[in-house]
Amino acid sequence: MAASTFDRALTLVLAHEGGYVDHPDDPGGPTNLGVTIGTLSAVLGRPATRAEVKALTPAKVAPIYRTRFWDAVRGDELPAGVDYAVFDFAVNSGPARAAIALQRLVGVADDGVIGSVTLAAVARTDQRWLVKALCDSRLAFLQSLTKSWPTFGKGWTTRVAGVRTEALALVTAPVVGTATTMARPEGGAPKAGMMQTGGLLAALKRLWRGKVA
């Protein structure tokens, strides 16, 4: 991906993260622009103060997001749209969890580390389907957080819906068809080279009816 892809993705992430908050039910504690006091302390190599958290700016947090989240999920090497969906997932729930969700969807070993095998599988997968499936998986995980869901569930739902819309708008690859992998929700991505005739016909019918998103 082009260098500007990170800048665009970060802008979207920060729009969801918002400014300074210190919610009593948030285990992250004082947070500004999505960066918790714990993360800032790790970056600084010493305990950070609330004042330092409040003083964070987009320019100051950009390197943190780049190294700890974007680079951790190989954002520069993921397809447009998928990169942002994985990045935002990583910011919200950790790079390893985002990577595992992605790996399970594309049918590779879910070791939580995105490498060449995962990247190749992602490239063979229909990217619009992958964005949608990743957002579905992410929301299902958040709903499983029974202690936090009652407090943060509404906001999380809104955020994931926004990421779905924004990521799909960034996808530039054509829908995968003949002689490539057609990913599908039922059972993940099939073997490369397999023509999913039923799925293709269903998609064409939806297209004819004007229902394809």
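See above for the structure.
Residues numbered from 1 in each chain as written. Predicted model: local features only at pLDDT ≥ 70, side-chain atom pairs only at ≥ 80, totals over all residues. Heavy atoms only, no water.

> Give me the lowdown on the pattern of salt bridges, citing residues and values where you can.
Any two side chains of opposite charge can pair, given that their charged atoms come close. Counting across every chain of the model gives 10 salt bridges. A salt bridge links Arg-159 to Glu-17; the shortest N-O distance between them is 2.9 Å. Remark: Glu-17 occurs in helix α1 (residues 3-17) and Arg-159 occurs in helix α9 (residues 149-170); sequence separation between them is 142 residues. A relative accessible area of 8% places Arg-159 in the buried class. The salt bridge involving Asp-88 is made with Arg-159; its shortest N-O contact spans 3.0 Å. A residue pair is termed long-range when its members are at least 10 positions apart, and Asp-88 in helix α5 (residues 82-93) and Arg-159 in helix α9 qualify at 71 residues. Taken individually, Asp-88 and Arg-159 each receive the classification buried, so the pair is uniform in this respect. One network of salt bridges, with partners in common, ties together Glu-17, Asp-88, Arg-138 and Arg-159. (Salt bridge = Lys/Arg side-chain N within 4 Å of Asp/Glu carboxyl O. Helix = DSSP H or I, 4+ residues; strand = E, 2+ residues; numbered from the N terminus. Buried < 20%, exposed > 50% of the residue type's maximum accessible area, 1.4 Å probe, protein only.)

> Mind laying out helix α4 (residues 58-70), listing which residues take part and the relevant values?
Spanning 13 residues, α4 covers only 15 Å between terminal C-alpha atoms, well under the ideal 18 Å at 1.5 Å per step. At Ile-64, α4 is bent by approximately 25 degrees, the largest bend along its length. Within the span of α4, buried status applies to Val-61, Ala-62, Ile-64, Tyr-65, Phe-69 and Trp-70. (Expected span 1.5 Å × (residues − 1). Bend = angle between axes of the 7 residues up to and from the residue.)

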